[in-house]
Amino acid sequence: MHISFLLHNGYGIGGTIRTTYNLASTLAEQHDVEVVSVFRHREEPVFAPSSKVRLRHLVDIRQNTPGYEGDDPDYRRPAKSFPSSEGRYQQYSALTDRRIAEHLATVEADVVVGTRPGLNVQLARQTRRGPVRVGQEHLTLDSHSAQLRQELRGAYPRLDALTTTTEADARAYRAKMRLPGVHVQAVANSVPAPALAPADGSAKWVVAAGRLAPVKRYDLLIKAFDRVRAERPDWRLRIYGGGKQKDKLRTLIDQLGLYNHVYLMGPANPIEPEWAKGSIGAVTSSLESFGMTIVEAMRCGLPVVSTNCPHGPGEIIDDGVDGRLVKVGSVPSIASGLLELINNDDLRQRMAGAALKDAERFDPARIAERYETLFSDLTARGGGTTTGRMWGTLHRTRGALLGSAYAVRDAGRSVLRKGHTA
Amino acid sequence: MMSLATPHSEDQQAGKDTLPPRADCVADAAGGLTFDVTGIPEDGTHELLLRSRDEDTDVRLPLTPAGGGRLRAALPGSVELPEGRWDVYAHTAGAEPRRLQPGLNDLRALVDRDPGPGAERIAVRIPYVTKHNNLTVRSWLRAPHAEAGELHIGEGELTVRGRVHGTPLTPSAHAELRGRDGAETVVEAEVTVEDGEFTLTVVYGTLTADVWDLWLCPAGGSGPAVRVARLLDDIADKKPIFAYPRIRTERADGALTVQAYYTADNDLSVTVANAS
């Protein structure tokens with residue numbers, strides 16, 4: 001198969017970029033794979049895909065280089081095809097609209113894959129007849145604004161498939177969006193096996209890692225650790241990551257007198273060696289669109305105590321087997337989950353072994369296999385045979401009609417609502 | 001093996017000689033380090049070069065093939081590496097040394113290191129990543145050594161618990177706070193000894209506005225003075241991580257703030273300032 005990914009910026013740093021390169025590199029072992037980056041702002045990518053993956057860009061914004069296109073008048077004009085309700089809208093322009101449209105109108109591929117909502121919208125509407133159209137959702141439907149959801153309702157019926165990172169989000173898409181004929185499937189993010197030995201479970205450290213952002217609820221973790229200290233003062237906690245909550249968390253640590261037990265470690269990259277220094281992972285978020293750190297910790301041999309928040313943790317952790325799910329927002333529940341594993345060495349070691357084994361399902365090879373099956377099924381349905389091609393065309397025509405009908409209905413609704421409140 | 005989008009992708013390590021060579025470091029509990037270097041051709045004669053930032057000193061270790069395109073060098077804890085910062089290079093005979101970039105640093109053996117009471121000399125080497133993403137090793141070499149453990153920051157005093165290595169800790173031990181303001185002021189502080197651990201108590205009321213360095217005299221006045229430091233873990237720069245609350249204390253001649261902190265060398269000091 002010839003597979004073409006469309007990525008916001010393959011030269012930057014971020015979870016989607018890394019995940020896309022992992023997938024593209026693994027698929028490139030068997031298939032012809034390219035990654036098309038809308039933007040290029042630097043010479044070399046930070047995360048490089050395998051040499052078998054072709055990487056190219058559509059708009060060059062490398063300053064002080066001959067190819068720089070930031071002075072193009074169209075680069076200053078607002079985008080029309082890329083939806084204005086998308087988080088990255090400000091970075092898109094009439095120039096990106098045109099380049100993306102040209103790319104999609106001529107793309108030589110069996111499968112084109114979009115990696116964020118705005119690009120999925122353009123991909124659904126502008127891809128030439130022929131290639132299978134796949135949209136990836138790396139966040140969640142619930143995290144999008146009402147305007148963006150409405151935009152997606154209009155465009156997504158023209159996709160052949162939509163992938164989410166969790167079953168919960170796939171259910172949300174099936175329930176809340178009408179996507180007839182669109183194959184909605186959850187495919188988890190992949191995490192490679194770390195290049196170092198797993199933790200041996202003897203270190204008396206709990207480890208957490210993530211941005212110091214309110215959604216991570218590290219305040220609850222610190223308060224829970226106050227209870228842990230009361231019972232097990234020999235155990236301590238490291239929190240890796242940077243962010244705006246740092247001063248607040250520091251103050252909380254000082255107020256509780258936890259400065260000998262809880263440490264704000266700052267950002268760490270790579271993170272694997274830091275997981276390997278601990279024996280238990282902790283996640284106390286109120287929301288995790290997937291839960292990448294849980295998988296990372298498990299791959300390093302740590303059972304994870306995590307809040308059972310939407311959407312990912314409950315699909316990653318087998319409660320009581322390879323980790324422990326605890327109540328969202330509850331300090332006592334987090335503390336007792338941690339203490340359960342701290343106080344029972346056998347249980348912790350058993351869970352650590354299970355975590356290592358169970359996390360293998362997130363290996364890039366396994367995840368790529370799932371995509372491969374999905375892509376093959378879709379190309380068989382929509383590409384090769386005459387009936388398949390017919391079906392694909394019919395589906396898309398119907399999708400286009402449905403999409404506009406929904407967009408109209410949503411517009412009508414919002415007009416009504418406005419009228420009502422006015 | 002499949003190629004993945006990590007800094008360890010085989011594609012990055014092999015072939016493309018535009019990429020700088022990098023080293024994975026593994027630490028052992030005795031203070032030794034093993035460097036696994038990738039990104040330089042296996043043929044030729046190679047050395048791992050540690051170049052001191054503070055003085056004109058090089059330490060050279062042979063780099064030998066370790067399989068899988070890797071070259072390995074070992075720096076055992078028994079090899080002397082003077083205290084300071086050491087930039088790490090790969091040096092191929094007949095070429096300029098090339099600065100190494102950090103790979104995976106597996107420092108788990110350094111976490112909660114306990115060299116035991118019998119250790120005569122404490123050798124600590126912690127590899128870390130510089131601001132410019134290069135690999136540097138921070139080294140400490142102390143005999144004797146006073147390792148700070150838990151601190152307790154009270155209303156009127158702070159206490160430091162810790163252990164002494166390389167010299168006996170006796171019941172006559174005391175501590176000194178040495179002022180930095182140039183007057184060579186020394187304030188004595190009380191030390192209690194229990195189960196081989198010292199507890200040192202700093203009474204805020206005895207201090208004036210200055211930066212005070214903590215020294216332990218494990219055998220009392222006649223014995224050696226040992227700088228109190230925190231060295232026995234995996235963290236190269238303690239100050240931002242081992243942070244302690246700043247306390248406000250009222251005195252007859254005005255209010256003061258007191259804060260314990262680790263210096264750039266991970267030695268323990270106390271800053272006392274007039275409260276604004």
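Predicted, not measured: the structure shown is a model, and the values here were computed from it.

### A closer look at the interface of chain A and chain B
Where interface size is quoted, it is often the accessible area lost as the parts come together.
So, point 1. On the chain B side, the residues contacting the 30 residues of chain A number 24 residues.
So, point 2. Of all the secondary structure elements, the ones that give two or more residues to the side of chain A that touches chain B are α1 (15-27), α8 (246-255), β10 (262-266), α9 (272-275) and α14 (364-384) of chain A.
So, point 3. Examining the composition of the side of chain A that touches chain B, we find that five residues originate from one element, α1 of chain A, more than from any other.
So, point 4. Looking at side-chain class alone, the side of chain A that touches chain B contains 17 nonpolar, seven polar and six charged residues.

### A word on the packing of helix α3 (residues 94-106) of chain A against helix α4 (residues 117-126) of chain A
All names here are of chain A.
So, point 1. Two elements in contact, α3 and α4, have axes whose closest approach is 9 Å; the angle formed by their N-to-C orientations is 45°. In terms of their interaxial angle, α3 and α4 are classed as oblique. Along this stretch, α3 crosses α4, giving a crossing that reads as right-handed. Counted together, Ile100, Ala101, Leu104 and Ala105 of α3 and Gln122, Leu123 and Gln126 of α4 form the full contact between these two elements.
So, point 2. Grouping the amino acids of the contact of α3 with α4 by side-chain chemistry returns five nonpolar, two polar and no charged.

### Quick notes on the confidence of the model for chain A
Close reading of the predicted structure is inappropriate where its pLDDT is low.
All names here are of chain A.
So, point 1. Across chain A, the average pLDDT comes to 91, with 90% of residues at or above 70.
So, point 2. Here residues 383-389 is modelled with pLDDT under 50, and outside its nearest four sequence neighbours on either side it reaches nine contacts, counting other chains as well.
So, point 3. Note on residues 407-422: pLDDT under 50 across the span, and five contacts to partners over four residues away in sequence or across chains.

### Considerations on the domain arrangement of chain A
All names here are of chain A.
So, point 1. If you check the domain split of chain A, you get domain 1 (2-190 + 366-418) and domain 2 (205-362).
So, point 2. When each unit is reduced to the centre of its C-alpha atoms, the spacing between domain 1 and domain 2 is 33 Å.
So, point 3. When contributions to the side of domain 1 that touches domain 2 are tallied by element, the ones reaching two or more residues are α6 (167-176) and α14.
So, point 4. Residue contributions to the side of domain 1 that touches domain 2 peak at three residues, all from α6.

### Quick notes on the nonpolar core
Residues and elements named next belong to chain A.
So, point 1. Grouped together as the largest cluster of nonpolar side chains are 107 residues, with contacts concentrated most on Leu302 and Leu338.
So, point 2. For this core, the element with the most residues is helix α7 (residues 218-231), which contributes seven residues.
So, point 3. Counting only domains with at least three residues in this core, you end up with domain 1 (2-190 + 366-418) and domain 2 (205-362).
So, point 4. Setting aside residues up to four positions removed in sequence, leucine 302 forms contacts with Ala199, Val207, Trp275, Gly278, Ser279, Ile280, Gly281, Ala297, Ala352 and Ala355.

### Points about α7 of chain A
Residue and element names in this part refer to chain A.
So, point 1. Relative to the 20 Å expected for 14 residues at 1.5 Å per residue, α7 spans 20 Å between its end C-alpha atoms, a close match to the ideal helical length.
So, point 2. Taken residue by residue, α7 has Tyr218, Leu220, Leu221, Ile222, Ala224, Phe225, Val228 and Arg229 as its buried positions.
So, point 3. For α7, the elements touching its buried residues are β8 (205-209), β9 (236-240), α8, β10, β11 (280-283) and α12 (331-342).

### As for the sheet that holds strand β3 (residues 54-60) of chain A
Residues and elements named next belong to chain A.
So, point 1. Read from one edge of the open sheet, seven strands run β3-β2-β1-β4-β5-β6-β7, paired in parallel fashion. Looking at which strands have only one partner, the edges of the open sheet turn out to be β3 and β7 (183-186). Each neighbouring strand pair of the sheet contributes to a mean axis angle of 20°, computed without reference to strand direction.
So, point 2. Together, β6 (161-164) and β7 form the strand contacts of α6, whose direction differs from that of β7 by roughly 160°.

### Here's the deal with the sheet that holds β11 of chain A
Backbone-to-backbone hydrogen bonds join strands into a sheet, with any given pair of strands oriented parallel or antiparallel.
Residue and element names in this part refer to chain A.
So, point 1. In spatial order, the strands read β10-β9-β8-β11-β12-β13; together these six strands make up an open sheet with parallel pairing. Of all the strands in the sheet, the pair left with one neighbour each is β10 and β13 (323-326). Put simply, the sheet's adjacent strands are angled 20° from each other on average, direction ignored.
So, point 2. Relative to strand β12 (residues 304-307), β11 is paired through three bridges, and the arrangement is parallel. By the bridge assignment, glycine 281 is partnered in β12 with valine 304.

### A short note on the environment of asparagine 343 of chain A
So, point 1. Within the secondary structure, asparagine 343 of chain A is located in the loop between α12 and α13 (345-358).
So, point 2. Taking the C-alpha atoms as reference points, asparagine 343 of chain A and glutamate 231 of chain A, 112 residues apart in sequence, are found 9.5 Å from one another.

### Describing the environment of valine 258 of chain B
So, point 1. Relative to the helices and strands, valine 258 of chain B is located in strand β19 (residues 254-262).
So, point 2. Overall, valine 258 of chain B belongs to the buried group, with 23 C-beta atoms counted inside 10 Å.

### Things to note about the packing of α7 of chain A against α12 of chain A
Residue and element names in this part refer to chain A.
So, point 1. Axis separation between α7 and α12 bottoms out at 8 Å; the angle between their running directions is 50°. Compared by their axis directions, α7 and α12 come out oblique. Here the hand of the crossing between α7 and α12 comes out right-handed. Only Val331, Ile334, Ala335, Leu338, Leu339 and Ile342 of α12 make contact with α7, whose side of the interface consists of Leu220, Leu221, Lys223, Ala224, Arg227, Val228 and Glu231.
So, point 2. Taken together, the residues of the contact of α7 with α12 sort by class into ten nonpolar, no polar and three charged.

### Observations regarding the domain arrangement of chain B
All names here are of chain B.
So, point 1. Taken domain by domain, chain B consists of domain 1 (10-142) and domain 2 (145-274).
So, point 2. When each unit is reduced to the centre of its C-alpha atoms, the spacing between domain 1 and domain 2 is 33 Å.
So, point 3. At the junction of the two partners, domain 1 supplies 17 residues and domain 2 supplies nine residues.
So, point 4. Among the secondary structure elements, those contributing two or more residues to the side of domain 1 that touches domain 2 are β9 (122-129) and β10 (135-142).
So, point 5. Ranked by residues supplied to the side of domain 1 that touches domain 2, first place goes to β9 with four residues.
So, point 6. Per-class residue counts for the side of domain 1 that touches domain 2 are eleven nonpolar, no polar and six charged.

Calculation criteria
- Residues numbered from 1 in each chain as written.
- Chains lettered and ligands numbered in written order.
- Predicted model: local features only at pLDDT ≥ 70, side-chain atom pairs only at ≥ 80, totals over all residues.
- Contact = placed C-beta atoms within 7 Å.
- Helix = DSSP H or I, 4+ residues; strand = E, 2+ residues; numbered from the N terminus.
- Nonpolar A, V, L, I, M, F, W, Y, C, P; charged D, E, K, R; others polar.
- Axes fitted to C-alpha atoms, helices over the stretch in contact; angles between N-to-C directions.
- Parallel < 35°, antiparallel > 145°, perpendicular 65-115°, else oblique.
- Left-handed = near helix turned anticlockwise from the far one by under 90°.
- pLDDT = per-residue confidence, 0-100.
- Domains from an automatic or database assignment.
- Core = buried A, V, L, I, M, F, W, Y, C linked by C-beta atoms within 7 Å.
- Buried ≥ 20, exposed ≤ 12 C-beta atoms within 10 Å, placed from the backbone.
- Expected span 1.5 Å × (residues − 1).
- Pairing = 2+ DSSP bridges.

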